[in-house]
Amino acid sequence: MDATERKMTKIAREVSKFTVQTMKEEGVGTAEFDVIHLVRHNPGITQTKVRETLKIDKGAAAKRVASLEAKGYLVRKPNPEDGRSQLLYATEKAEKLKNSKAHIETVFYEWLLSELPGEEKEAFCKTLDTLYWKSKRQRQKGFTDVAKLLEEEEKR
């Protein structure tokens, strides 16, 4: 039985809903923001590299880039090394985008923790950090331990 009642997942869903709502007010969807974020941190990236990094199909990448270009968040410039491809750059409008996904999530989580007493908040964050690193190490191992547990449970 899951003692957490999947509450971590449920909280993450709520913050996601808030993030989507807030970003819609900016006229940018979360999938589009992921592209802006990637381009801002990798100026001169190709659309192909965007697609590969975000693990999206060719059509989705083209649609998002075209939409962001039309909204004034991205510009394309010819690739001097390859006449067939173009390089993507964030515009000043993208750089000034005040509500980044991470910032919105941070505000939500700060609000969520705001009423916890100091020691309780500190203990919770320490426990959360422990769980985060355990899950990260498991992913790096290919989820072998959790997959084994799931397999054993299915046999019962």
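Bear in mind the structure is a predicted one, so any value in this text is a computation, not a measurement.

Caption draft 1: Quick look at the overall build of the chain. Along its length, the chain carries eight helices and three strands. Against the globule reference of 15 Å for 156 residues, the chain gives a C-alpha radius of gyration of 20 Å, more extended than a compact globule. Along the three orthogonal principal directions, the C-alpha set of the chain runs to about 55 × 40 × 20 Å. A total of 156 residues make up the chain; the buried ones form 22% of that total. Of the contacts formed within the chain by residues at least 6 apart in sequence, a portion of 52% connects residues at least 24 apart. Taken together, the 31 basic and 26 acidic charged side chains of the chain have centroids lying 4 Å from each other.

Caption draft 2: How the structure looks around helix α4 (residues 58-70). The end-to-end C-alpha distance of α4 is 18 Å, a good match for the 18 Å that 13 residues give at a rise of 1.5 Å each. Residues of α4 that are buried: Ala60, Ala61, Val65 and Leu68. All buried residues of α4 fall inside an arc of 125° around its axis, so they share one side. In this structure, α4 carries Lys58, Lys63 and Ala70 as exposed residues pointing more than 90 degrees from its buried face. Packing partners of the buried residues in α4 comprise α2 (30-41), α3 (47-54), β2 (74-79) and β3 (82-90). For α4, the side-chain oxygen to backbone nitrogen distance between the N-cap and Gly59 is 3.1 Å, and the N-cap itself is Asp57. Two residues or fewer after α4 comes Gly72, characterised by a positive phi angle close to 90°.

Caption draft 3: Examining the environment of Phe18 more closely. Among the secondary structure elements, Phe18 is positioned in helix α1 (residues 7-26). As for Phe18 and Val50, which are separated by 32 residues in sequence, their C-alpha atoms are 26 Å apart.

So, how was this worked out
Residues numbered from 1 in each chain as written. Predicted model: local features only at pLDDT ≥ 70, side-chain atom pairs only at ≥ 80, totals over all residues. Heavy atoms only, no water. Helix = DSSP H or I, 4+ residues; strand = E, 2+ residues; numbered from the N terminus. Rg over C-alpha atoms; globule rule 2.2 N^0.38 Å. Buried < 20%, exposed > 50% of the residue type's maximum accessible area, 1.4 Å probe, protein only. Contact = heavy atoms within 4.5 Å. Lys, Arg positive; Asp, Glu negative; His and termini not counted. Charge placed at Lys NZ, Arg CZ, Asp CG, Glu CD. Expected span 1.5 Å × (residues − 1). Arc of directions from axis to C-beta. Polar contact = N/O pair within 3.5 Å; in protein donor to acceptor, adjacent residues only side chain to side chain.

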